[in-house]
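Notes for the structure review
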Amino acid sequence: MTLKSIKYEKGNLEILDQLLLPAQSKFIQVKGVEDGWKVINKMQVRGAPAIAIVGCLSLAVELSTEVFDDKKVLRQEIEGKLNYLVSSRPTAVNMKIAADELIALSNKLYKDETVTAEVMKVKFIDEIESMLEKDIADNKAIGEYGASDILKSLPSDSMVRILTHCNTGSLATAGYGTALGVIRTLHSLKRLEHVYCTETRPYNQGARLTAYELVHDKIPATLIVDSMVAALMKQRNITAVVVGADRVASNGDTANKIGTYQIAVLAKHHGVPFYVAAPFTSIDKKIISGDHIIIEERPDREMTHVGDHRIAAQGISCWNPAFDITPAALIAGIITEKGVFRPSELANCQ
Ligand SMILES: CSC[C@@H](O)[C@@H](O)C(=O)COP(=O)(O)O
């Protein structure tokens, strides 16, 4: 059983507070949209798919406590609150895509005269609830497609060694994970010899969260610090790198956790295929390249402190972009729930 970080039943949403992991496993209640915005912005929940799911479920919880007899009021509330949730973190596109789709649904239900305000609310909540199961199914498909692409040119008895960055597992999604889903599938096929996960400074998603998931699932794994990647590739015969994505532009340029770009450059130098694993909800067809992706900058404190302990010299100034852009030319394949695409194929796939 993989970890579960989002607990939802009608009218009640709880998330595992990722700021406290791995020292403490504590669920906190998300009572509505205001709480949803805060837990995303503070990174108590993080990872592009999980941000969208928790944001939308926080709206479902809030709506379930209200009674509507006017469809116009309901439609306005839905649109205003979804746009507010999109503002919680700017780089991952999943929340924006979910908001656009849900606003389109709300407009359709609004125009349908056979639908009352209460039925509109129920149908809208049902749609949000379906995101949980769809995300897990998509991640399992990503796992299968990714594993078979990595294995396809290798002898059938060979084992693989994978490097991953940041956290893309059950904690970053509704369950199973994207890049970590590919690793889980390789492990279940008994073809994974070892996985290496980077620490992922400054917020340490690799050391705190990915390492936690790998130990929990008993997957053979080793933690490295971010500056060891070149040495690892030189000495440990890495088969492939698999990372997640926060936003993929239509030309394949990919925004992901800071440090991803330098790993892709190193992979090119060492001839190691570099894969991005992400659901279609991370692909932003509206932008032509990574130049149009807004990169979130996080507070200095996430660099200068570990917990309450200051590790940087007092008075030093900081630059703390949370993501970087890996150019499409460095990416061997984008693994999605619909198959594996070369970056140049992305613009034409549905
Ligand atoms: C399946 S999660 C994909 C990405 O969101 C992940 O790789 C990542 O960069 C997460 O960044 P974070 O700042 O922790 O939200």
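The numbers attached to residues start from 1 for each chain and follow its sequence in the written order. With the structure being a predicted model, the display of local features is reserved for residues of pLDDT at least 70 and the display and counting of side-chain atom pairs for 80 or more, all residues being used for whole-chain, interface and lining totals. Working from all heavy atoms in the structure, the side-chain values ignore hydrogens and water.

Residues annotated by UniProt as "site: Transition state stabilizer" (unreviewed entry) correspond here to Cys166. Each helix corresponds to a stretch of at least 4 residues labelled H or I by DSSP, and each strand to a stretch of at least 2 residues labelled E; elements are numbered beginning at the N terminus. Inspection of the secondary structure puts cysteine 166 in the loop between β4 (160–164) and α6 (179–188). With a 1.4 Å probe rolled over the protein chains alone, any residue whose accessible area is under 20% of its type maximum counts as buried; one over 50% counts as exposed, and the rest are partly exposed. Judged by relative accessible area, cysteine 166 falls into the buried class, the value being 7%. Leave out the neighbours within four places in its chain, and cysteine 166 touches Arg46, Thr198, Thr200, Gln205, Gly206, Thr210 and Lys257. UniProt positions are given in the numbering used here, feature names are shortened, and annotations may be inferred rather than shown by experiment. Every residue pair with non-hydrogen atoms within 4.5 Å of one another is taken to be in contact.

On to the pattern of salt bridges. Salt bridges, as used here, are contacts in which a Lys or Arg side-chain nitrogen is within 4 Å of a carboxyl oxygen on Asp or Glu. For the coordinates displayed, the defined rule picks out 17 salt bridges. For the salt bridge of glutamate 118 with lysine 121, the shortest nitrogen-to-oxygen distance reads 3.6 Å. In this pair, glutamate 118 and lysine 121 both sit in helix α5 (residues 117–151), three residues apart, roughly one turn of the helix. Judged by relative accessible area, glutamate 118 falls into the partly exposed class, the value being 31%.

Next up on the list: the sheet that holds strand β3 (residues 27–29). Think of a sheet as strands paired side by side through backbone hydrogen bonds, with each pair either parallel or antiparallel. Any two strands are treated as partners once DSSP identifies two or more bridges connecting them. Read across the open sheet, the three strands follow the order β1-β2-β3; overall the sheet is antiparallel. The outermost strands of the open sheet, each flanked by one partner alone, are β1 (6–9) and β3. Each adjacent strand pair in this sheet contributes to an overall mean axis angle of 20°, direction not counted. Here three bridges tie strand β2 (residues 12–16) to β3, and the two strands are oriented antiparallel to one another. Within the sheet, the bridge partner assigned to leucine 16 lies in β3 and is phenylalanine 27. In this description, a line fitted to the C-alpha atoms serves as the axis of each element, helices being fitted only across the stretch in contact, and the angle between N-to-C directions of two axes falls anywhere from 0 to 180 degrees.

Between helix α1 (residues 33–41) and helix α3 (residues 71–86), the least distance of the axes is 9 Å, while the angle of their chain directions is 15°. Judged by the inter-axis angle, α1 sits roughly parallel to α3. Like other packed secondary-structure pairs, α1 and α3 cross with a definite hand, here right-handed. Every residue of α3 that contacts α1 at Val33, Glu34, Gly36 and Trp37 is listed here: Lys81, Tyr84 and Leu85. Classes in brief: Ala, Val, Leu, Ile, Met, Phe, Trp, Tyr, Cys and Pro nonpolar; Asp, Glu, Lys and Arg charged; the others, Gly included, polar. Tallied by class, residues from the contact of α1 with α3 come to four nonpolar, one polar and two charged. Under this scheme an angle from 65 to 115 degrees is roughly perpendicular, one under 35 degrees roughly parallel, and one over 145 degrees roughly antiparallel; angles in between are oblique. Helix crossings fall into two classes, left-handed where the near helix is turned counterclockwise from the far one by less than a right angle and right-handed where it is turned clockwise.

Another point: the sheet that holds strand β9 (residues 254–257). Ordered by their spatial adjacency, four strands build an open sheet running β11-β8-β9-β14, and the pairing between neighbours is mixed. Edge positions in the open sheet fall to β11 (283–284) and β14 (323–326), since each of these has one partner strand only. Here β9 runs beside β14; their pairing, made up of four bridges, is antiparallel. Bridge pairing links alanine 255 to isoleucine 325 in β14.

Moving on: the environment of threonine 173. Tracing the backbone shows threonine 173 in the loop between β4 and α6. On the accessibility criterion, threonine 173 (1% relative accessible area) is buried. When neighbours within four sequence positions are excluded, threonine 173 is seen to be in contact with Ser5, Ile6, Pro49, Ala50, Asp135, Asn139, Thr168 and Thr178. What qualifies as a polar contact is a pair of N or O atoms within 3.5 Å, subject to a donor-acceptor requirement within protein and to the restriction that residues adjacent in sequence count only when both atoms come from side chains. A distance of 2.9 Å separates the side chain of threonine 173 from the backbone oxygen of glycine 169, its partner in a polar contact. A distance of 3.1 Å separates the side chain of threonine 173 from the backbone nitrogen of glycine 175, its partner in a polar contact.

So, about the state of the cysteines. Disulfide assignment relies on a single distance test, namely cysteine sulfur atoms paired within 2.5 Å. One pass over the full model with this rule turns up zero disulfides. In this model cysteine 197 remains outside any disulfide bridge; the closest cysteine sulfur is found in cysteine 166, 11 Å from its own.

Let us now look at unusual backbone geometry. In the segment running from leucine 21 into proline 22, the intervening peptide bond is cis, with an omega of 0°. Looking at the element boundaries, proline 22 is found in the loop between β2 and β3. Cis rather than trans, the peptide bond between arginine 201 and proline 202 has omega equal to 5°. Along the polypeptide, proline 202 turns up in the loop between β5 (192–198) and α7 (205–216). Even without a glycine there, the phi angle at methionine 43 is positive, about 70°. Of note, methionine 43 is situated in the loop between α1 and α2 (48–64). On the basis of relative accessibility, which here comes to 2%, the residue methionine 43 falls in the buried class. Positive phi, close to 65°, is recorded for cysteine 166, a residue that is not glycine.

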